[in-house]
Amino acid sequence: MTQPPQDPVARTAAMFDGIAPSYDQSGVPFFGTIAGGLVDLLAPRPGERALDVGAGRGAVTVPVAEAVGPQGRVDAIDVSPGMVGLLSAATRHLPQVRVAAGDATDPRLDGVSYDLVAASLVLFFLPDPVRALRRWAGLLEPGGRVGAATFRPWPSTWQSIEDIFDEHAEPTPGPGPTTMPEVYAEDAGVEGLFRSAGLTDVRTEVATYAIPFADLEQWRVWSLGTAMRGLWMRTPEESHGEILTRVGQVLEESGGAMDVSIRYTLGVAPSR
């Protein structure tokens, strides 16, 4: 078995390269729904300049580009070359979008300053989130906005499915693929990251979304295009049939949907 890279940035890049072709391609309103909430709260305006860090396949990039219009600008970066290639192809019709490979913790850009920075489901992958937030704040105009979407603790349906995988998981060192650092357990913890980075007017908005699945097969395909792919990889193949059957029972009891609880943490760049 090929061992994952030890460097956390390289490990994240490798993981997302692996799922890039199927990422957000199952037809499940998940990444787009979460990103839409973040875009609404950041409220991009025509002519503004925006940075989308950890852009993936464009769940934030595209609606922000449409909002800022051709007189605006959106720089989208991702650490995964596969994601960068797919997003570049998907945004060719949007001349205001520039896509590049880049580390979200330390974006290397061409001296542009921004009106807003968006990070949807990115912050908890970063080994030093305060450093990243401080860097993003430094790229903003005074009064510019930063917004990050992160998961709150898993609701009951999601946790029940995680528990099924855990029953079959082979022992592995370190935290599981969907385990987040303790600071993300509380809204106040994430707000503390923002304040430690020098951001002001920090606040949290929360939302719970019911993520619907047409059938169990759509759930399986969706799960393989998310960090849940790591749960499958930790379990022996001969157990996958039983896992899928039991997940189907959980989904049937929940009406075919999984709730997900999202926090949106927002902050403002101080005057220099």
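Reading the values: rules and limits
Residues numbered from 1 in each chain as written. Predicted model: local features only at pLDDT ≥ 70, side-chain atom pairs only at ≥ 80, totals over all residues. Heavy atoms only, no water. Buried < 20%, exposed > 50% of the residue type's maximum accessible area, 1.4 Å probe, protein only. Helix = DSSP H or I, 4+ residues; strand = E, 2+ residues; numbered from the N terminus. Pairing = 2+ DSSP bridges. Right-handed = clockwise from strand over helix to strand, strands pointing away. Contact = heavy atoms within 4.5 Å. Axes fitted to C-alpha atoms, helices over the stretch in contact; angles between N-to-C directions. Parallel < 35°, antiparallel > 145°, perpendicular 65-115°, else oblique. Left-handed = near helix turned anticlockwise from the far one by under 90°. Nonpolar A, V, L, I, M, F, W, Y, C, P; charged D, E, K, R; others polar. Phe/Tyr/Trp six-rings, centres within 6.5 Å; stacked < 30°, edge-to-face > 60°. Arc of directions from axis to C-beta. Polar contact = N/O pair within 3.5 Å; in protein donor to acceptor, adjacent residues only side chain to side chain. Salt bridge = Lys/Arg side-chain N within 4 Å of Asp/Glu carboxyl O.

Attention now goes to the pairing of strand β5 (residues 140-151). Counted residue by residue, β5 has nine buried out of 12 residues, so it is predominantly covered. By the bridge criterion, six bridges tie strand β4 (residues 114-120) to β5 in an arrangement that is parallel. For Ala 119, the partnering residue across the bridge sits in β5 and is Ala 148. In this region the chain leaves β4, passes through helix α5 (residues 129-138) and returns to the parallel neighbour β5; the handedness of that crossover is right-handed. Where β5 lies against strand β7 (residues 257-268), seven bridges are found, and the strand directions are antiparallel. Within β7, the residue paired with Arg 145 across the bridge is Val 268.

To continue, consider the environment of Trp 219. By secondary structure assignment, the location of Trp 219 is in helix α8 (residues 216-224). For the pair formed by Trp 219 and Ile 77, sequence separation is 142 residues and the distance between their alpha carbons is 28 Å. Non-local contacts of Trp 219, meaning those with residues more than four positions away in its chain, are made with Ile 161, Phe 165, Phe 213, Met 228, Trp 232, Leu 244, Val 247, Leu 251 and Met 258.

A separate point is the packing of α8 against helix α10 (residues 240-253). One can describe the packing of α8 onto α10 by two numbers: an axis separation of 10 Å at closest approach and a directional angle of 110°. By the angle between their axes, α8 is roughly perpendicular relative to α10. Judged by the sense of rotation from one axis to the other, the crossing of α8 with α10 is right-handed. On the side of α8, the interface is formed by Leu 216, Trp 219 and Arg 220, while α10 contributes Leu 244, Val 247, Gly 248 and Leu 251. For the contact of α8 with α10, the class distribution of residues is five nonpolar, one polar and one charged.

Glancing now at unusual backbone geometry. Not every positive phi belongs to a glycine, and Asp 24 is a case in point at roughly 60°. Checked against the element boundaries, Asp 24 lands in the loop between α1 (8-19) and α2 (31-42).

Let us now look at the packing of aromatic side chains. One pass over the structure, following the stated rule, counts 17 aromatic pairs. Relative to Phe 31, the ring of Phe 30 lies with its centre 4.8 Å away and its plane at 75°, an arrangement referred to as edge-to-face. Assigned by exposure class, Phe 30 and Phe 31 land together as buried. One aromatic cluster is present, built from ring pairs that chain together Phe 16, Tyr 23, Phe 30, Phe 31, Phe 124, Phe 125, Phe 151, Trp 154, Trp 158, Tyr 184, Phe 213 and Trp 222.

Among the residues of α8, those classed as buried are Gln 218, Trp 219, Trp 222 and Ser 223. Projected down its long axis, α8 carries its buried residues within an arc of 135°, all on one side. On its buried side, α8 packs onto α6 (156-168), β6 (200-212), α9 (229-233), α10 and β7. Where α8 begins, one side-chain oxygen reaches toward the backbone nitrogen of Glu 217, 3.3 Å away; that side chain belongs to Asp 215.

The strand order β3-β2-β1-β4-β5-β7-β6 describes an open sheet built from seven strands, whose pairing is mixed. Looking at the sheet topology across the chains shown, the edges are occupied by β3 (97-101) and β6. Pairwise comparison of adjacent strand axes, ignoring direction, gives a mean angle of 15° for this sheet. Running over the sheet, helix α4 (residues 81-90) touches β2 (73-78) and β3 and is turned about 165° from β3.

Here we come to the pattern of salt bridges. A complete count under the given rule lists 15 salt bridges for this structure. Here Glu 217 makes a salt bridge to Arg 220, at a shortest N to O gap of 2.7 Å. Taken together, the residues Glu 217 and Arg 220, both in helix α8 and three residues apart, mark about one turn of the helix. Put simply, Asp 106, Arg 108, Arg 131 and Arg 135 are held in one network by salt bridges that share partners.

Structurally, the position occupied by Ala 104 is in the loop between β3 and β4. With 26 residues separating them along the chain, Ala 104 and Val 130 place their C-alpha atoms 12 Å apart. Every residue in contact with Ala 104, bar those within four places of it in the chain, is listed here: Val 53, Ile 77, Val 122, Leu 126, Ala 132 and Trp 136.

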